[in-house]
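Structural overview
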Amino acid sequence: MTEKVVLAYSGGLDTSVAIGWIAEQTGAEVIALAVDVGQGGEDLDTVRNRALACGAVAAEVVDARDEFAAEYCMPALQANALYMDRYPLVSALSRPLIVRHLARVARESGASTVAHGCTGKGNDQVRFEAGLAALAPEVVCTAPVRDSGMTRDKAIAFAEEKGLPINVTSRSPYSIDQNVWGRSCETGHLENIWTAPQDDVYGYTEDPATGKPADEITITFERGLPVALDGAAKTPLEMITELNQLAGAHGVGRIDMVEDRLIGIKSREIYEAPGAITLIAAHAELESVCVERDLARFKRQAEQRWTELVYDGLWYSPLKTALDVFLAEAARHVTGEVRVQLQGGRAVVTGRRSPAALYNYELATYDTGDMFDQSLAKGFVDLWGLPSKIAADRDRRMAASGA
Ligand code: ARG
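These lines cover the structure that appears in this document, whether it is placed above or below. Owing to the predicted nature of the structure, the values given are computational and were not obtained by experimental measurement. (Residues numbered from 1 in each chain as written. Predicted model: local features only at pLDDT ≥ 70, side-chain atom pairs only at ≥ 80, totals over all residues. Heavy atoms only, no water.)

1. Let's talk about the overall build of the chain
In terms of helices and strands, the chain carries 13 helices and 14 strands. Taken along the three principal axes of its C-alpha coordinates, the chain extends 85 × 60 × 45 Å. Looking at the chain as a whole, 44% of its 403 residues are labelled buried. For the chain, restricting intrachain contacts to residue pairs at least 6 apart in sequence, the fraction spanning at least 24 positions comes to 73%. Measuring between centres, the 40 positive side-chain charges of the chain sit 5 Å from its 57 negative side-chain charges. (Helix = DSSP H or I, 4+ residues; strand = E, 2+ residues; numbered from the N terminus. Buried < 20%, exposed > 50% of the residue type's maximum accessible area, 1.4 Å probe, protein only. Contact = heavy atoms within 4.5 Å. Lys, Arg positive; Asp, Glu negative; His and termini not counted. Charge placed at Lys NZ, Arg CZ, Asp CG, Glu CD.)

Listed below in C-alpha cells is the structure:
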C-alpha cells in the first residue's frame, strides 16, 4: 500500500512545492491540509484547487476560525499572554490548533507521516513537532525545507520545471504569518534592527499618527471572557474581528521588537494585534477590580509561565493543562464592563464597573462616608516593620562592637 503523508498546507510557494517534492522523494501520496485561522487572503477553494493542481491526492480545508478564537485566543486572553511583556503569541497559538487537525487527518486517512514547511531556525518547527509528539506519537513528522534540502532557489526551480500554478515573482520580501489574533512580519529590511519599519510591513493597522478623533467602546466580560461590545452580544471570533477593525483604524497594537526565540536566536519582529492588545488591556483592568490581591499577585507568575510554555511549543503539556485549570478558577469573578478609548496607537481604559468588584467606595474614599477605621493601621504598621527594625538594631549593635 502506498504510504500517505499529510502536509500542513498554506497555499504559498514552499508548501506548494513541498507536495511534489515529498511525493518524488518518498513515493508517498500527499494529502494537503489547509486550516483557516482567520488569516484572510485567498478563499479556501482557491487554496484547495492549488493543492490538487500541485499534485496532492486530496486536499482538506478546515474553517477553524471559531475554534481558534474560542479555544486558543480566549485562554491567551485569560492569561493576559504577552511574551517578553509584548508579543501576544499570535503564531504560537495557531500551531497547536493546526497540529490537532494534522493528527486527526492522519488518523482518518491512515497516514504514517505528517509534514510541515518550517525551516530549522524558528519556533514553529518546535510547536508542530512537540505538539504532534503529544497528540499522535505514532506519527512520524518530516520537514522538507529543514531536512531534505528544499531551499528557496530549489523550490522556485522546481515550481518552474513542473509548471506549478504559483506566482513565484510576486512574493513579498517579508515572511508573514497572520491569523485573527494578529499578524507577524519578519525578514527583508527588518533584519537590520536599526532600520525603521517601512509602511508596507503593516497589514492590520493604520498609521497611529493621523490625528483621528478617538473612538470609545465598552466591552462586557463574563468570567474573564468578552461577551458583548457596546451592549451587543458577540462570539469570541466576532469580538476579535470587530476590535481588529476598530482598534486597527487607530493604529493600536503595533509592536516592533527583538525577540528571544526558543532555539537561541534573537530576531526582529513586527507584530500587529489591535484586537488582542485592546482586549488584554480591558481584561487586565477588570481583573484589577475583581481579583483579590494575593490571587492577582500569584496569577502574574502563572501567566508568565503559561505564556512561556505556549511560546516554547508546549501547549499540550501537563503544566500548561494544570495552569489552565488555575486560570479558569481565577477568572470566576471577572465579570463587568470596561470602557476603552482608542486613539493614537493606544487603547486606554477610562472606566470600569462590576457586580463582583472588590473596590469598596466606603473604604477607599477620603471624603465623608469613610468607613475605614484608621486606628487599626497604627498597630499593623508597627508589627509589619518589626523584623526590619530588629535587624537594623542588631546591625548597629554589631557595628559598635566592631564585629
Ligand atoms: N516569531 C514569532 C513566533 O515564534 C512569529 C513566527 C512567525 N512565523 C512565520 N513563519 N513568519 O511566534
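2. Remarks on the nonpolar core
One finds L93, W181, I219 and W306 to be the most contacted residues of the largest nonpolar core, which totals 76 residues. Considering each element in turn, this core owes the most residues, 10 residues, to helix α4 (residues 90–109). Core analysis: the second largest hydrophobic core is formed by 26 residues, L7, L13, A159 and V168 among them. (Core = buried A, V, L, I, M, F, W, Y, C linked by side-chain atoms within 4.5 Å.)

3. Let's talk about helix α1 (residues 13–26)
In this model, α1 (14 residues) spans 20 Å end to end at C-alpha, consistent with the 20 Å of a helix rising 1.5 Å per residue. Along α1, the sharpest kink reaches roughly 30°, centred on I19. Where burial is concerned, most of α1 is hidden: 10 out of the 14 residues are buried. Residues of α1 that are buried include every one of L13, D14, T15, S16, V17, A18, I19, G20, W21 and I22, and no others. (Expected span 1.5 Å × (residues − 1). Bend = angle between axes of the 7 residues up to and from the residue.)

4. Let's talk about the packing of aromatic side chains
By the definition in use, this model includes nine aromatic pairs. By the ring-pair criterion, three or more aromatic residues cluster together here, those being F68, Y72, W306 and W315. We note R127 situated over the ring of Y311; from NZ or CZ to the ring centre the distance is 4.9 Å. Residue placement shows K320 over the ring face of W315; its charged tip is 3.7 Å from the ring centre. (Phe/Tyr/Trp six-rings, centres within 6.5 Å; stacked < 30°, edge-to-face > 60°. Lys NZ or Arg CZ within 6 Å of the ring centre and 35° of its normal.)

5. Brief notes about the packing of helix α3 (residues 65–78) against α4
It is the contact of α3 with α4, at a shortest axis distance of 10 Å, that shows an interaxial angle of 135°. The pairing of α3 with α4 is recorded here as oblique in orientation. Once α3 is placed against α4, the crossing between them reads as right-handed. Of the residues in α4, those touching α3 at E67, F68, E71, Y72, C73 and A76 are V90, L93, S94, P96, L97, R100 and H101. (Axes fitted to C-alpha atoms, helices over the stretch in contact; angles between N-to-C directions. Parallel < 35°, antiparallel > 145°, perpendicular 65-115°, else oblique. Left-handed = near helix turned anticlockwise from the far one by under 90°.)

6. Remarks on the pattern of salt bridges
Applying the stated criterion to the full structure yields 34 salt bridges. The partner of R95 in a salt bridge is D177, and the shortest N-O contact between them spans 2.9 Å. Highlighted residues: R95 in helix α4 and D177 in strand β6 (residues 175–179), separated in sequence by 82 residues. Owing to a relative accessible area of 10%, R95 belongs among the buried residues under this scheme. Each of R95, D124, R127 and D177 takes part in one network of salt bridges that share partners. (Salt bridge = Lys/Arg side-chain N within 4 Å of Asp/Glu carboxyl O.)

7. Looking at the pairing of strand β11 (residues 254–260)
Side-chain alternation along β11 places I255, M257 and E259 on a buried face and R254, D256, V258 and D260 on a face that remains uncovered. Of the strand pairs in this sheet, β11 and strand β12 (residues 266–272) are connected by seven bridges, and their pairing is antiparallel. When the bridges of β12 are listed, I255 appears paired with Y271. In sequence, β11 turns back onto β12 through a hairpin of five residues, with G264 there showing a positive phi of about 105°. (Pairing = 2+ DSSP bridges.)

Nothing here speaks to function; it is all geometry.
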